[in-house]
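# Coordinates in review
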Amino acid sequence: MLKKTITEALEPLATLFFPPHCAHCKTRLEAGMDFCSDCEALIERIKAPRCESCSQPYDCLTGEFTCPNCRGEAFYFECAVAVVRSRSVIRDLIHRIKYGKEIWLARVLAQIAAEGLEDSRLVDEEFDALVPVPLHPKRLREREYNQAAVIAENLSRRTAIPVLSALERRRYTTTQTALDRKNRRQNLRNAFSVVKNADVTNKNLLLVDDVLTTGSTLDACAAVLLERGASSVRALTVARG
Ligand SMILES: [Zn+2]
Ligand SMILES: [Zn+2]
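In what follows, the accompanying structure is described. As the structure is a prediction and not an experimental result, all values here were calculated from the model.

### Points about unusual backbone geometry
In the segment running from alanine 48 into proline 49, the intervening peptide bond is cis, with an omega of 0°. Along the chain, proline 49 falls in the loop between helix H2 (37-41) and strand S1 (80-85). Here the phi dihedral of serine 55 falls at roughly 70°; this positive angle occurs in a residue that is not glycine. Structurally, serine 55 is set in the loop between H2 and S1. Looking at serine 55, the relative accessible area reads 0%, which means it is buried. Not every positive phi belongs to a glycine, and asparagine 202 is a case in point at roughly 60°. Mapping asparagine 202 onto the fold places it in the loop between strand S4 (192-194) and strand S5 (204-212).

Structure (structure tokens):
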């Protein structure tokens with residue numbers, strides 16, 4: 001905790017002594033920029049047409065669209081907004097914040113996530129709290145911080161919406177990516193719970209995570225929050241796989 005606080009306190013000082021560089025390729029930049037123009041051009045923003053529910057983009061401009069990700073699914077969240085595709089530059093940044101202990105990237109990723117608050121599905125909502133998707137304590141010890149939580153803290157500073165760490169991960173889900181859809185859901189059932197004393201009753205909540213893949217993690221989180229009396233749950237992620 002102390003370590004994180006010190007890192008955050010030193011951030012403005014670091015910018016002063018170390019001029020800004022592209023978060024991806026390290027090219028020297030003007031102040032106030034996170035990416036050089038080459039890297040910026042590689043960031044794919046998710047725009048309409050896309051699935052209203054899970055943000056899956058699609059090409060077809062006319063006619064009926066059935067989302068291949070959501071077909072036959074009823075999610076507990078109202079919608080999951082993802083801002084960019086998890087490819088090239090973005091995939092690299094997310095990998096570095098997760099496995100490279102580059103906590104400073106939370107600011108860059110939160111800046112991107114903040115664009116999602118302007119999405120038509122979120123812009124008119126009033127959120128009582130940002131709820132980060134939790135890590136299992138074992139992973140938290142390995143990584144030293146939860147990337148979803150530090151992104152949520154950065155978003156909170158921009159929006160004044162408080163962070164409510166209402167969830168905990170009880171089960172260690174190791175082989176999640178190797179499982180198919182049905183087994184993923186099964187594996188995630190009971191993996192999350194609402195922490196003791198966290199009051200989510202009648203609250204409009206915004207789940208925050210780094211990446212959405214199928215939406216099943218966000219769905220499992222939304223289910224337990226609604227079960228404990230939250231009035232609505234929406235989700236915002238930086239990227240979509
Ligand atoms: Zn660059
Ligand atoms: Zn969908």
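This is not the end of the story, as more comes after the structure.
### Quick word on helix H3 (residues 88-99)
Helix length check: H3 (12 residues) gives 16 Å between terminal C-alpha atoms against 16 Å at 1.5 Å per residue, within 8%. Considered for burial, the residues of H3 that qualify are Val89, Ile90, Leu93, Ile94, Arg96, Ile97 and Lys98. After H3 finishes, the residue lysine 101 shows a positive phi value of roughly 55°.

### Re the coordination of the zinc ion (ligand 2)
In the first shell of the zinc ion (ligand 2), the protein supplies Cys51 (SG), Cys54 (SG), Cys67 (SG) and Cys70 (SG), at 2.2 to 2.3 Å from the metal. Classification of the site at the zinc ion (ligand 2) rests on its four donor atoms, whose angles at the metal span 99 to 116°, yielding the label tetrahedral. Counting along the primary sequence, the residues that act as donors to the zinc ion (ligand 2) give the motif C-x2-C-x12-C-x2-C. Across the pair, cysteine 54 and cysteine 51 agree in class, each one buried.

### A few points about the pattern of salt bridges
By the definition in use, this model includes 13 salt bridges. Between arginine 45 and glutamate 40 there is a salt bridge, and its shortest N-O distance comes to 3.3 Å. What makes arginine 45 partly exposed here is its relative accessible area of 30%. Overall, glutamate 40 belongs to the partly exposed group, its relative accessible area being 35%.

About the cut-offs
Residues numbered from 1 in each chain as written. Chains lettered and ligands numbered in written order. Predicted model: local features only at pLDDT ≥ 70, side-chain atom pairs only at ≥ 80, totals over all residues. Heavy atoms only, no water. Helix = DSSP H or I, 4+ residues; strand = E, 2+ residues; numbered from the N terminus. Buried < 20%, exposed > 50% of the residue type's maximum accessible area, 1.4 Å probe, protein only. Expected span 1.5 Å × (residues − 1). Donors = N, O, S within 2.8 Å, 3.2 Å for Na, K, Ca; no water. Tetrahedral: all angles 85-135°; square planar, octahedral: opposite > 155°, others 65-115°. Salt bridge = Lys/Arg side-chain N within 4 Å of Asp/Glu carboxyl O.

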